[in-house]
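Listed below are the residues making up each chain.
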Amino acid sequence: MASYGLKKKEPSAENYTCQKCLEKGHWTYECTGKRKYLYRESRTKEMYKRMKKDEEKEKLAVLAKSRAILEKVRKDKKKKRKKKKAQSEIPSSSSSEESDDNSDSSSSSSSSSSTSGSSSSSSSSSDTSDSSSTESSDSENDKKKRRKSQKKTKKKKRRRS
């Protein structure tokens, strides 16, 4: 078979680290040195370190998200302020000012209605969770009753036989 110019490198002891004395320059079976103790942390300590790092990463991610949200809110506020300043600087007729006032009041009323809608939806969701919990407790009570009745019938059958 042709070798295609690729030769296998023969391993040399110069590049090899001895597993016993942890020094380079000789093979493990040729070692005359004493075994060195290499301290390693326990796996549980490594696990705790990893868990702490993961928690810190999660905290940083949450902080980054909250910062991004705050920046977005600030930018929106600045835009609104600029719009208000631009509208107040432009001389306009009284009819256009009235329309601006109407649009401001409608936006405030829509925001108040959305907040009230969310509160009502949260209360309705809590109602549904309450009802589902009572339904589950009812079904558990039904199961208990069935088991008791089954036990009674078994006892009666045993007495008869």
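Residues numbered from 1 in each chain as written. Predicted model: local features only at pLDDT ≥ 70, side-chain atom pairs only at ≥ 80, totals over all residues. Heavy atoms only, no water.

- Going by the annotation in an unreviewed UniProt entry, the name recorded for the protein chain is ZCH10-like protein, with Mya arenaria given as the source organism.

## Here's the deal with the environment of Arg 35
- Topologically, Arg 35 is positioned in the segment before α1 (43-89).
- Of the residues examined, Arg 35 reaches a relative accessible area of 62% and is grouped as exposed.
- Once the C-alpha coordinates of Arg 35 and Gln 19 are considered, the two residues, 16 residues apart in sequence, prove to be 8.6 Å apart. (Helix = DSSP H or I, 4+ residues; strand = E, 2+ residues; numbered from the N terminus. Buried < 20%, exposed > 50% of the residue type's maximum accessible area, 1.4 Å probe, protein only.)

## Description of the packing of aromatic side chains
- Within this structure, the stated rule accounts for one aromatic pair.
- Relative to Trp 27, the ring of Tyr 16 lies with its centre 4.8 Å away and its plane at 35 degrees, an arrangement referred to as tilted. Of the two residues, Tyr 16 is situated in the segment before α1 and Trp 27 in the segment before α1; the sequence distance between them amounts to eleven residues.
- Under the relative-accessibility criterion, Tyr 16 is labelled partly exposed at 24%. (Phe/Tyr/Trp six-rings, centres within 6.5 Å; stacked < 30°, edge-to-face > 60°.)

## Remarks on unusual backbone geometry
- Even without being a glycine, Leu 22 presents a positive backbone phi close to 60 degrees.
- For Leu 22, the location among the structural elements is in the segment before α1.
- A relative accessible area of 41% places Leu 22 in the partly exposed class.

## A short note on the pattern of salt bridges
- Going through the model one piece at a time under the given rule, you end up with three salt bridges.
- In this structure, the salt-bridge partner of Lys 49 is Glu 41, at a minimum N-O distance of 2.9 Å.
- The class of Lys 49 is partly exposed, set by a relative accessible area of 45%.
- Accessibility expressed as a relative area gives 30% for Glu 41, which makes it partly exposed.
- The partner of Glu 46 in a salt bridge is Arg 43, and the shortest N-O contact between them spans 3.1 Å. Residue Glu 46 and its partner Arg 43 are located together in helix α1, separated by three residues, close to a single helical turn. (Salt bridge = Lys/Arg side-chain N within 4 Å of Asp/Glu carboxyl O.)

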